[in-house]
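# A structural walkthrough
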Amino acid sequence: MEEMMNLSPEQENELFRFLGEDEKASSEKIIAPRYSYWKSVFRVFFRKKSNIILLTLFILLLVSAFIIPLIFPYDVMENVTDSSSYNLSPTAAMTKYGGSIKYLLGTGSSGNSIFLGIFASAQTSLKLAFICAAINMFIGVVLGAVWGYSKKVDSVMLVFYNIFGNIPGLLVQSVLVYVIGSGFWSLVIAFTLFGWLGVAFFFRTQVMIIRDREYSLASRCLGTPINRIISRNVLPFLTSVIVTVLASEVPGYISSEVFLSYAGLGLSASVPSLGRMIQNGQTAFITYPWTFWPPVIMASLVAMILYLLGQHLADASDPRTHML
Amino acid sequence: MKKYLFKRILFSVFSLIVVVVLVMIMVYSLIERSAIFQTDDTWNKKSNNDRGLYEYVQYQKFGYLTFEDYTTFVKNKYIEVYGDDYYKQSDYLADKNAIQDAATFQQNPTVQEFLNKYAAKGYEFKYFEPMLYKSGKTKPGGTGYLLAIDNTNVFVRLGKYIANFFSFETTKDVKDPNLTDRYVRFEKDPYSGLFAIVGSGTQHKYLLYFNDRFPYIHQNWFRINLGTSYTAYRGQEITNVVTTPTGDLKTTRQQFPIDLGTDKYTDTAIDFHSVTYNATGELSEVEKTQFTDNYTVYSYQRTGLTVIGNSFIMGIISTLMAYLIGLPIGIAMARKKDGFLDNIGNAYIVFISAVPSLAYIFMLAAFGNAVFHLPYKFATAETKVLAYILPTISLTLPGLGSLMKWMRRYMIDQMNSDYVKFARAEGLSEKEIFRIHISRNAMIYIVHGIPGSILFSLVGGFITETAYGIPGTGRLLINAIHQHDNGIVVAMTVFYTSLSLASVILGDLLLAKADPRISLSSDKGGGR
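Residues numbered from 1 in each chain as written. Chains lettered and ligands numbered in written order. Predicted model: local features only at pLDDT ≥ 70, side-chain atom pairs only at ≥ 80, totals over all residues. Heavy atoms only, no water.

Let's shift gears to the interface of chain A and chain B. Across the contact, 36 residues belong to chain A and 46 residues belong to chain B. For the pair chain A and chain B, the summed buried surface comes to about 3,600 Å²; carbon and sulfur atoms form 83% of the total. Where chain A packs against chain B, one counts zero salt bridges. There are three residue pairs in polar contact (both at pLDDT 80 or more) connecting chain A and chain B. The set of elements that each furnish at least two residues to the side of chain A that touches chain B consists of helix H8 (151–164), helix H9 (169–180), helix H13 (226–262), helix H14 (274–282) and helix H15 (289–316) of chain A. No other element matches the nine residues that H15 of chain A contributes to the side of chain A that touches chain B. Residue classes in the side of chain A that touches chain B are distributed as 29 nonpolar, seven polar and no charged. (Contact = heavy atoms within 4.5 Å. Buried area = accessible area lost by both parts, 1.4 Å probe. Salt bridge = Lys/Arg side-chain N within 4 Å of Asp/Glu carboxyl O. Polar contact = N/O pair within 3.5 Å; in protein donor to acceptor, adjacent residues only side chain to side chain. Helix = DSSP H or I, 4+ residues; strand = E, 2+ residues; numbered from the N terminus. Nonpolar A, V, L, I, M, F, W, Y, C, P; charged D, E, K, R; others polar.)

Structure representation (structure tokens):
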């Protein structure tokens, strides 16, 4: 120790030197492998071949549901004056209309093309599901975050939730449709007026769990404002939870829409809808199976693809799966 | 605990009232009220002012408003003066016909009296101008009317609804002065051979009785009044609609009360247990030869179940099946994780969660019909019992899926917990660990959902009952919406909301019973 203390200035200069200005910045950095959250999500997602197939199917569905009705506009009343076009089997329809792709799946009870019908209806279902999911998820996540974080809000919202949260959703939707009337936008209102409540309650519980974790407590002690804690500490943690909820919500809306339209409560007659097609085909599902099964299969396919895609995306968006 | 339970129930009742208020406000203010006439034949037959008056009479009946009619007002006024001979008096006729002249009716003093009296009470007035041909003759249904209308406030309507919600029959119910002997007592029931509690002076004769119909013991003492149907079952009480058997008439060999003790039998479908009181003046000659007392208004025996019975039977059986099949499969899936059964089970879970219920219901219906020749339309089924099979299976499918999913999830969570590792280290066999430790802990979560899943199967009934055309409560609601029947919509909202609120409380109670660590009331340590 004694020797160290008595180093001459020359000796010190040999051992130490001052950093140049350009070197200062880089010396402060801690070297670690680069991690980008979303890049890792997609890396994990695309690692599975089944996910690529699912995504391709989804894009194919999206494109056909939105492009086919653009090229061949769907009109239920197209052949309504020609009664010889009613309930034609695929082969009969193809011969009658000279092999037009429009009649690939035969015709329905008013001479309408089943093939165009299921794609136009799938478009309605997809639009409705995505709009409702977007609204409910946005309100649900934002309100749920506030609800879970603030104890004052919690006590008020819990009363509200205990009143409305336990009522069966289909009952609420049916009564709302009854009151507002049928149509695309009234269905959106019926699905969203109370639909966000369940989502918000779910996120409230999740936020409460994370709110009391040590790192959040530390942030609070350091004086970080609440909205910053919510947006930086809590919400990123919830990304995979959000995707999981989304994945189960979207098929739910499709299912509700199909049923309500089937029961004649959902969309008005002018809007193409899978539920209405199923209802039209149902009476003759043994004599004219081609009017009935395509919408049933389409509804199942759309919901299934969205559900699986959502589940797998949720798996990939969980950071714990990102470790190699 | 009792205090906590009381609080919970109180809050549930409060929630129910809030929901009913909201539904009433929405249904009665936002729905075009004239929709109730869409399927009304009487309305179609009436024309001009008569139709207008009929509309108000119906609105009053369905609780939209109350009104006072000028004609009745004049009548009552002159009855006070002249007694029963009022209709012969010329000043009565002059006042009564005053409203038939649109130009001068307001100058009549009686009309003015009427207007002033109800204007003071805040009523609105509706004057149907007399409709005349050019010749001066009145058009058919064109008589003039003057009404004073009081639109019913939603809270008044709610108050009435709640006040009439529960009713209890007493011996003072019948207001017939000819009835002197009033009692409630045990009697031997000649129709069941057992005893029955029989009332006199009550609306129903048989207050408690047994018969061969599920649930075998019945009562007419206490009833819940859900309101009146508007259009679907014109004017009937909804409680009657849901508790009256459906299906075809069931004729059996029975004896009319007057024949009891003799050997005279009649083939009839009358349900003698259903008799209610009929005023002495209204007894028909036929009834006097068949019955011994004034209880002569009856309903019929039918082959089907009641509306509510249809829903409950299917709901209960499907819930039971879901638990009996779903739990063992869930456990088996967890034990051999990533095995063959686990993969199949997971595929099923994904299918049921994703595919719209309507789609798999129809897939099942087509499959069951093609392979087992089971009927898939209730109305056309020849053997009604067979017609319940497919709907019950359809109701089971979603519950089965969610039970498998959660049982598997909980089992796997428990399998990785420390106490299981410890038990294994202690040398317990895998079988013992599963049976004694894991299953019991996993069951705690499952128990919580039992009441909820009974409810879920009832709500699932919306879709299933509509698809298979089964006359149950779910289809009742959907049909009521189609026919703009506000009464049934409100009643079914009350029905389903109270069921779901009850199932939440019951679920919590079961959870507390199953897991001693959980205390519901926060005063007993721990808390939530």
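Attention now moves to a nonpolar patch on the surface. All names here are of chain A. Together, Ile59, Val63, Phe66, Ile67, Leu70 and Ile71 make up an exposed nonpolar region whose accessible area comes to about 560 Å². Mapped onto the secondary structure, leucine 70 falls in helix H5 (residues 49–71). The class for leucine 70 is exposed, based on a relative accessible area of 68%. (Patch = residues over 30% accessible without salt bridge, like charges linked within 9 Å, V, L, I, M, F, W, Y side chains within 5 Å. Areas by Shrake-Rupley, 256 points an atom, 1.4 Å probe, with all protein chains shown as cover. Buried < 20%, exposed > 50% of the residue type's maximum accessible area, 1.4 Å probe, protein only.)

Further remarks concern unusual backbone geometry. Residue and element names in this part refer to chain B. The backbone of aspartate 338 sits at a positive phi, close to 65 degrees, despite the residue not being glycine. Its location among the elements puts aspartate 338 in the loop between helix H10 (307–335) and helix H11 (340–354). For histidine 373, which is not a glycine, the phi torsion comes out positive at approximately 55 degrees.

This prediction gives chain A a mean pLDDT of 83; 97% of its residues lie at or above 70. Across chain A, the element-wise mean pLDDT spans from 53 in helix H1 (residues 2–5) of chain A up to 91 in H5 of chain A. (pLDDT = per-residue confidence, 0-100.)

By size, the foremost hydrophobic cluster in this structure holds 140 residues, and its most contacted members are Phe259 of chain A together with Leu358 and Met492 of chain B. For this core, the element with the highest residue contribution is helix H7 (residues 114–149) of chain A, accounting for 13 residues. The contact partners of phenylalanine 259 of chain A, leaving out residues within four places of it in the chain, are Leu170 of chain A together with Leu358, Phe462, Ile463, Thr466 and Ile478 of chain B. (Core = buried A, V, L, I, M, F, W, Y, C linked by side-chain atoms within 4.5 Å.)

Before going further, it helps to examine helix H4 (residues 37–47) of chain A. All names here are of chain A. Every buried residue of H4 is accounted for by Tyr37, Ser40, Val41, Val44 and Phe45. Summarising the axial view, the buried residues of H4 lie within an arc of 135 degrees, below the 170-degree limit, and thus occupy one face. The elements touched by buried residues of H4 are H5, H13 and H15. (Arc of directions from axis to C-beta.)

Residue and element names in this part refer to chain B. This model, assessed by the stated rule, comprises twelve salt bridges over all chains. When the shortest N-O distance is used, the salt bridge between arginine 223 and glutamate 237 registers 2.7 Å. Here arginine 223 is found in strand S9 (residues 222–224), whereas its partner glutamate 237 is found in the loop between S9 and helix H8 (238–243), with 14 residues between them in sequence. Relative accessible area serves as the criterion here: at 30%, glutamate 237 is assigned to the partly exposed category. One salt bridge in this structure joins glutamate 430 and arginine 424, with 2.7 Å as the shortest N-O distance. Under the relative-accessibility criterion, arginine 424 is labelled partly exposed at 37%.

Residue and element names in this part refer to chain B. Following the sequence through the fold, threonine 170 ends up in the loop between strand S4 (166–168) and strand S5 (183–188). Under the relative-accessibility criterion, threonine 170 is labelled partly exposed at 37%. Considered as a pair, threonine 170 and alanine 359 are 189 residues apart in the sequence and their alpha carbons are 51 Å apart. Not counting chain neighbours up to four residues away, the residues in contact with threonine 170 comprise Gly201 and Thr202. A distance of 3.1 Å separates a polar atom in the side chain of threonine 170 from a polar atom in the side chain of aspartate 173.

For the rest of this paragraph, the subject is the side chain of serine 318 of chain B. Looking at where serine 318 of chain B falls in the secondary structure, it is placed in helix H10. In this structure the side chain of serine 318 of chain B is engaged in a polar contact, spanning 3.0 Å, whose partner is the backbone oxygen of glycine 315 of chain B.

Glancing now at the domain arrangement of chain A. Accessible area lost on assembly of the parts is the figure often given for the size of an interface. All names here are of chain A. The domains assigned to chain A are domain 1 (51–74 + 115–322) and domain 2 (81–112). Using C-alpha coordinates to define each centre, domain 1 is positioned 35 Å away from domain 2. Taken together, the contact between domain 1 and domain 2 spans ten residues of the former and 13 residues of the latter. Here domain 1 meets domain 2 over a buried area of about 960 Å², counting both sides, of which 72% is carbon and sulfur. It is Phe72, Phe115 and Trp290 that lose the most area in domain 1 upon contact with domain 2, and together they represent 57% of the buried surface on that side. Our count for the contact surface shared by domain 1 and domain 2 stands at zero salt bridges. For the interface between domain 1 and domain 2, the tally reads one residue pair in polar contact (both at pLDDT 80 or more). Among the elements of the structure, H7 and H15 are those that each provide at least two residues to the side of domain 1 that touches domain 2. For the side of domain 1 that touches domain 2, the residue count by class is eight nonpolar, two polar and no charged. (Domains from an automatic or database assignment.)

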